[in-house]
Amino acid sequence: MRSSSVSSPSSLRANSSSPVNSEAAVVPVPMDGWALAAARVLARQRRTSLGAVISELARQALVAPAPGSGSEQQQSDHRNGLLLLPWKEKGAPVDLELVNNLRDELAAARPCG
C-alpha cells in the first residue's frame, strides 16, 4: 500500500504555480453539471486541459482564507440595514451558449400577446 502525503495550505500557497505532487493521477470526481460546464468554458478560454483547470480551482479553494477568518477585507456586512452580498472581481465565465440559453428561457417565460 502506497502512503499519500497531504500538503498544508501554506505549502500550496508557496508553490502554487507547480503541482504539489509531480505525479499526475486519474481520479473520477463526481461533479455537478453546471460546475463541469463552467470548468470546460474556462479550459477553452485558457487553452488548457479540463483537468488542469479543475486542479487549479481546487488549489485556489484550498489556499483561500476561511470565511470570517478576518484575513479578508474588513468591510461592513450590512448597509442601510440590508445584508450585502459578496462581490467578486471575476464573474462566472459567459459564453455564447449560456447567452443563447438565457435568451431562449426568457422568450419562453414571456406570455404571448
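Every value quoted in this text rests on a predicted model; they were computed, and no experiment measured them. (Residues numbered from 1 in each chain as written. Predicted model: local features only at pLDDT ≥ 70, side-chain atom pairs only at ≥ 80, totals over all residues. Heavy atoms only, no water.)

Participant: Please clarify how the confidence of the model for the chain should be interpreted in this entry.
Facilitator: Segments scoring low in pLDDT should not have their predicted coordinates read at a detailed level. This prediction gives the chain a mean pLDDT of 75; 65% of its residues lie at or above 70. The lowest-confidence element of the chain is helix α1 (residues 9–14), averaging 44 in pLDDT; the highest-confidence one is helix α2 (residues 33–46), averaging 93. Note that residues 1–19 has pLDDT below 50 and, in this model, twelve contacts with residues that lie over four places away or in other chains. (pLDDT = per-residue confidence, 0-100. Helix = DSSP H or I, 4+ residues; strand = E, 2+ residues; numbered from the N terminus. Contact = heavy atoms within 4.5 Å.)

Participant: Is there a simple way to think about a nonpolar patch on the surface in this case?
Facilitator: Together, Val 94, Leu 96, Leu 98, Val 99 and Leu 102 give the surface a local cluster of nonpolar side chains, amounting to about 450 Å² of exposed area. Residue position: Leu 96 is located in helix α4 (residues 96–109). A residue is classified by how much of its surface remains accessible, and Leu 96, at 62% relative accessible area, is exposed. (Patch = residues over 30% accessible without salt bridge, like charges linked within 9 Å, V, L, I, M, F, W, Y side chains within 5 Å. Areas by Shrake-Rupley, 256 points an atom, 1.4 Å probe, with all protein chains shown as cover. Salt bridge = Lys/Arg side-chain N within 4 Å of Asp/Glu carboxyl O. Buried < 20%, exposed > 50% of the residue type's maximum accessible area, 1.4 Å probe, protein only.)

Participant: Got a minute to help me understand the packing of α2 against helix α3 (residues 50–63) in this structure?
Facilitator: A packed helix pair is summarised by two numbers, namely the angle formed by the two axes and the spacing between the axes. At a minimum axis separation of 8 Å, α2 and α3 run at an interaxial angle of 110°. Judged by the inter-axis angle, α2 sits roughly perpendicular to α3. Helix-helix and strand crossings are classified by hand; for α2 and α3 the assignment is right-handed. Contacts from Leu 36, Ala 39, Arg 40, Leu 42, Ala 43 and Arg 46 of α2 reach α3 at Leu 50, Val 53, Ile 54 and Leu 57. Of the residues in the contact of α2 with α3, the class split is eight nonpolar, no polar and two charged. (Axes fitted to C-alpha atoms, helices over the stretch in contact; angles between N-to-C directions. Parallel < 35°, antiparallel > 145°, perpendicular 65-115°, else oblique. Left-handed = near helix turned anticlockwise from the far one by under 90°. Nonpolar A, V, L, I, M, F, W, Y, C, P; charged D, E, K, R; others polar.)

Participant: Just to check I follow, could you spell out unusual backbone geometry for this structure?
Facilitator: If a residue is not glycine, its phi is most likely negative; likewise, a peptide bond is most likely trans. Non-glycine residue Arg 47 carries a positive phi angle of around 55°. Position of Arg 47 among the secondary structure elements: in the loop between α2 and α3. Note on Arg 47: relative accessible area 79%, which makes it exposed.

Participant: Explanation requested: the side chain of Asp 95 in the structure shown.
Facilitator: Within the secondary structure, Asp 95 is located in the loop between β2 (82–83) and α4. The class of Asp 95 is buried, set by a relative accessible area of 19%. Among residues more than four places away in sequence, those in contact with Asp 95 are Val 41 and Arg 44.

Participant: What am I meant to see in the environment of His 78 here?
Facilitator: Take His 78: it is sitting in strand β1 (residues 78–79). Among all residues touching His 78, those that are not within four sequence positions of it are Leu 83 and Leu 84.

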